[in-house]
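Spelled out from the first residue to the last, the chains are:
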Amino acid sequence: MKYFFLSEGWTVGRVWASEGLWQITAWRRQPDIQRMNICLLEQGEVMWLYRVEDAIITVEVKPAISPQISRSTQAIGQVILRRLMSAEQVIERLETASARCQLQNIESIVQ
C-alpha cells in the first residue's frame, strides 16, 4: 500500500498506474483509493490520510468546488502527487505532527 495526505476540501482527480492513465475499461474497476480515519492538524488545516493500492504511481488532486473554500485555494487548478508515501514515512510524519484519529468502530481496530 501507498499513502498520501490531502487537505480537507480537496478531491482526487485522475490516477496513473505504470501503464499510464488509469483506464476503468482496461482495469475493469475503479482504482482503490480510501480515505482513512486519521488526519493531521497543521496550522489550522486538516489533512486526511489516504491509502492507495500499489499499482498507483501518481495521483492528481484538486480543490472541490465549494463556497467554504477560499478564493486563493480555488485559484489552484490541480496538483500532481508523484511521490506517494510508504507506511513507515506516514508513521514518521505522524510522530512530528498533531494527529487526530476518528474511530467509528473500535472493534475493527481491536480485533
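Conventions adopted
Counting restarts for each chain, with residues numbered from 1 along the sequence as it is written. Per-residue local features of the predicted model are confined to residues with pLDDT of at least 70, and side-chain atom pairs are confined, for both listing and counting, to 80 or more; whole-chain, interface and lining totals are unaffected and use all residues. Heavy atoms throughout the structure, all of them, feed into the side-chain values; hydrogens and water do not. Strands are runs of DSSP state E lasting at least 2 residues, helices are runs of H or I lasting at least 4, and numbering of each runs from the N terminus. The buried label goes to any residue with under 20% of its type's maximum accessible area, the exposed label to any with over 50%, and the partly exposed label to all in between, with areas taken from a 1.4 Å probe on protein chains only. Working rule for contacts: check all heavy atoms of both residues, and any pair within 4.5 Å makes them a contact. Using the Shrake-Rupley algorithm and a 1.4 Å probe, accessible areas are obtained, with residue cover drawn only from the displayed protein chains. For two strands to be treated as a pair, DSSP must find no fewer than two bridges joining them.

On to the overall build of the chain, then. If you tally the helices and strands in the chain, you get four helices and eight strands. Scanning the chain from its N terminus toward the C terminus, one meets helices and strands in the order β-β-β-α-β-β-β-α-β-α-β-α. Counting every position in the chain, which comprises 111 residues, the buried fraction comes to 28%. Long-range pairs, those at least 24 residues apart, make up 66% of the contacts in the chain between residues at least 6 apart in sequence. For the chain, the accessible surface area stands at approximately 7,700 Å², while carbon and sulfur atoms represent 50% of it.

Within the secondary structure, threonine 58 sits in strand S6 (residues 56-63). Apart from the residues within four sequence positions on either side, threonine 58 is in contact with Arg14, Val15, Trp16, Ile80, Leu81 and Arg82.

The next thing to look at is the sheet that holds strand S7 (residues 79-81). In spatial order, the strands read S3-S2-S6-S7; together these four strands make up an open sheet with antiparallel pairing. With one partner strand each, in any of the chains shown, strand S3 (20-21) and S7 form the two edges of the open sheet. The sheet contact formed by strand S2 (residues 10-17) and S3 spans two bridges and is antiparallel. If you follow alanine 17 over to S3, its bridge partner there is glycine 20.

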